[in-house]
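A structural walkthrough
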Amino acid sequence: MNTSKEFNCRLLIKVGNTLAIIGCITLAFGLIGLIPLEIFALGLSSGIRIVGMVGILGCLLSAIGYGLIDYFDY
């Protein structure tokens, strides 16, 4: 595998894992009551949806990174 492709895949994985961790921690703190989730509300979407989307985006980016590594190994 080319080093630039591997670097990009690893970067996707690291960014995705970081976003997933941030989303999960923020959701946990919001549900406990340490952070008001209303500050993340945009338009008609509630704050919990926006924070949840960050976590889901992180999971998707990680999955894409892992999938690309498997794809380029063949």
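The rules we used
Residues numbered from 1 in each chain as written. Predicted model: local features only at pLDDT ≥ 70, side-chain atom pairs only at ≥ 80, totals over all residues. Heavy atoms only, no water. Salt bridge = Lys/Arg side-chain N within 4 Å of Asp/Glu carboxyl O. Helix = DSSP H or I, 4+ residues; strand = E, 2+ residues; numbered from the N terminus. Buried < 20%, exposed > 50% of the residue type's maximum accessible area, 1.4 Å probe, protein only. Expected span 1.5 Å × (residues − 1). Contact = heavy atoms within 4.5 Å.

Tallying each qualifying case throughout the model produces 1 salt bridge. Residue Glu-6 pairs with Arg-10 through a salt bridge whose shortest N-O separation is 3.8 Å. Here Glu-6 pairs with Arg-10, and both are found in helix α1 (residues 3–32), just 4 residues apart, close to one helical turn. A relative accessible area of 32% means that Glu-6 is categorised as partly exposed.

Residues separated by three or four positions in an α-helix point in the same direction, a consequence of the helix having 3.6 residues per turn. Between its first and last C-alpha atoms helix α2 (residues 47–73) spans 40 Å; for 27 residues at 1.5 Å apiece the expected length is 39 Å, and the two agree. Within α2, the full set of buried residues consists of Gly-47, Ile-50, Val-51, Gly-52, Gly-55, Gly-58, Leu-61, Ser-62, Gly-65 and Ile-69. The inward-facing, buried residues of α2 contact α1.

What follows is about the environment of Ile-21. For Ile-21, the position within the fold is in helix α1. Sequence separation of Ile-21 and Gly-58 is 37 residues, and the distance between their C-alpha atoms is 8.1 Å.

Take the side chain of Ser-62 next. Examined against the element boundaries, Ser-62 turns out to sit in helix α2. Apart from the residues within four sequence positions on either side, Ser-62 is in contact with Leu-12, Ile-13, Gly-16 and Asn-17.

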